[in-house]
Amino acid sequence: NGVKVENIAARQLNSLGFHEIMSNSLTKADYVSLSENLDTSNNVEMLNPLSIDLGAMRQSLLFSGLESVAYNINRKNTSLQFFEFGKTYHKLSSGYEEDKHLTLTVTGNRSNETWTREQEKSDFFLFKGYVTAVLERLGIQKTQNQPLTTDVYSEGIAISLGKDTIVEIGVVKKSILKHFGIKQEVFFADFNWAAILKLISNKVKFTEI
């Protein structure tokens, strides 16, 4: 089932040095203005919000992830590898919609400096390797990569299998990072978890120990 598949992915990410985060589904309603692909009319807004910071349900996990990055950088933790399972919420003409995601966020150095090794910064190819490792652990192979054009990434690729786009990965634009006070490069990946589960439903089998 979905929970067991999440556990498989989580263990794989833990082995790669990632830490799981859990951010609030309530967020700032105006975050959607940072992306042309999001629409304020699709916000699920609170009738009596506790504050403007908790005024709407999130339409993207990117911005809550960047909040976590900014929080840590402001406390001198500049090398970060996060993953998060969470939902996005949308108010559409057809009704309300909830979508499950797995996101990865990486910034800073890939390794600590030692007397035998200098610090190495994380880069796009290393980040793509993390994404590929998760897909392969779930038995998803023979994927296709296509350039990704979006207003939140300065460069990126979409990974698909057949007609389904299963992951979008990229380098977050500096204009968005500036909004959060982040001055270092950030890599972000968004897994379409429903599509992932659909693909592996006939590939992964579980039996009791």
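Residues numbered from 1 in each chain as written. Predicted model: local features only at pLDDT ≥ 70, side-chain atom pairs only at ≥ 80, totals over all residues. Heavy atoms only, no water.

1. Things to note about the packing of helix α1 (residues 2–15) against helix α5 (residues 193–200)
Okay, step 1: Contact geometry for α1 and α5: axes closest at 11 Å, N-to-C directions at 100°. When the axes of α1 and α5 are compared, the pair comes out roughly perpendicular. For the pair α1 and α5, the contacting residues are Gly2, Val5, Glu6 and Ala9 in the first and Trp193, Leu197 and Ile200 in the second.
Okay, step 2: Among the residues making up the contact of α1 with α5, the classes are represented as five nonpolar, one polar and one charged. (Axes fitted to C-alpha atoms, helices over the stretch in contact; angles between N-to-C directions. Helix = DSSP H or I, 4+ residues; strand = E, 2+ residues; numbered from the N terminus. Parallel < 35°, antiparallel > 145°, perpendicular 65-115°, else oblique. Contact = heavy atoms within 4.5 Å. Nonpolar A, V, L, I, M, F, W, Y, C, P; charged D, E, K, R; others polar.)

2. Details of the packing of aromatic side chains
Okay, step 1: All chains considered together, the criterion is met by eight aromatic pairs.
Okay, step 2: For the pair Tyr31 and Phe63, a centre-to-centre distance of 5.4 Å together with 35° between the ring planes defines the contact as tilted. In this pair, Tyr31 sits in the loop between β2 (26–27) and β3 (44–45) while Phe63 sits in helix α2 (residues 62–73), placing the two residues 32 residues apart along the sequence. You'll find Tyr31 and Phe63 in the same group, each marked buried. (Phe/Tyr/Trp six-rings, centres within 6.5 Å; stacked < 30°, edge-to-face > 60°. Buried < 20%, exposed > 50% of the residue type's maximum accessible area, 1.4 Å probe, protein only.)

3. Quick look at the environment of Ser154
Okay, step 1: Residue placement: Ser154 occurs in strand β10 (residues 153–161).
Okay, step 2: Expressed as a C-alpha distance, the spacing of Ser154 and Ala29, which sit 125 residues apart in the sequence, is 24 Å.
Okay, step 3: With residues near it in sequence (within four places) discarded, Ser154 still touches Val171, Val172 and Lys173.

4. Things to note about the pairing of strand β5 (residues 80–92)
Okay, step 1: Most of β5 sits inside the fold, with 10 of its 13 residues counted as buried.
Okay, step 2: Relative to β5, strand β1 (residues 19–20) runs parallel, the two sharing two bridges. Bridge pairing links Glu20 to Phe83 in β5.
Okay, step 3: Inspection of the sheet shows β5 paired to strand β6 (residues 95–107) by 13 bridges, in the antiparallel sense. Counted as the bridge partner of Glu84 is Thr103 from β6.
Okay, step 4: Between β5 and β6, which pair antiparallel one after the other, the connecting turn spans two residues. (Pairing = 2+ DSSP bridges.)

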